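Remarks on the overall topology
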Amino acid sequence: MPDHVYKKIEIVGSSPNGFEEAVQNALACAKKTVRNMRWFEVTETRGYVDEGKVGEWQVTLKIGFTLEE
């Protein structure tokens, strides 16, 4: 297996419908401009409170992708 070199970026995704959808939204948006994504790590989870209820979930992701030669 060849050696891999990765670069990491950090993005924040959000969704009113839950944690997993916030992750999916972040990855779908990153996919438009970032090639060769290989892994992600959730580093923060938080939410927005609207009138005492969860209004929106927010997740901070670190995304690793391989560099092109």
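Refer to the structure presented above.
So, a few notes on the structure that sits alongside this text. Note that the coordinates shown come from a computational prediction; the quantities given were computed from them, not determined experimentally.

1. Thoughts on the pattern of salt bridges
Inspection of every chain in the model, using the stated rule, returns 2 salt bridges. Between E68 and R35 there is a salt bridge whose closest N-O contact spans 2.7 Å. Here E68 is found in the segment after β3 (53-66), whereas its partner R35 is found in the loop between α1 (19-31) and β2 (37-50), with 33 residues between them in sequence. Judged on exposure class, the residue E68 and its partner R35 are both exposed. Of the charged contacts in the structure, one is a salt bridge between E44 and R46, with a shortest N-O distance of 2.9 Å.

2. Description of unusual backbone geometry
Even without being glycine, N36 reaches a positive phi, approximately 60 degrees. For N36, the position within the fold is in the loop between α1 and β2. Look at E51: it is not a glycine, yet its phi comes out positive at around 55 degrees. Within the secondary structure layout, E51 lies in the loop between β2 and β3. Its relative accessible area of 78% is what places E51 among the exposed residues.

Thresholds applied
- Residues numbered from 1 in each chain as written.
- Predicted model: local features only at pLDDT ≥ 70, side-chain atom pairs only at ≥ 80, totals over all residues.
- Heavy atoms only, no water.
- Salt bridge = Lys/Arg side-chain N within 4 Å of Asp/Glu carboxyl O.
- Helix = DSSP H or I, 4+ residues; strand = E, 2+ residues; numbered from the N terminus.
- Buried < 20%, exposed > 50% of the residue type's maximum accessible area, 1.4 Å probe, protein only.

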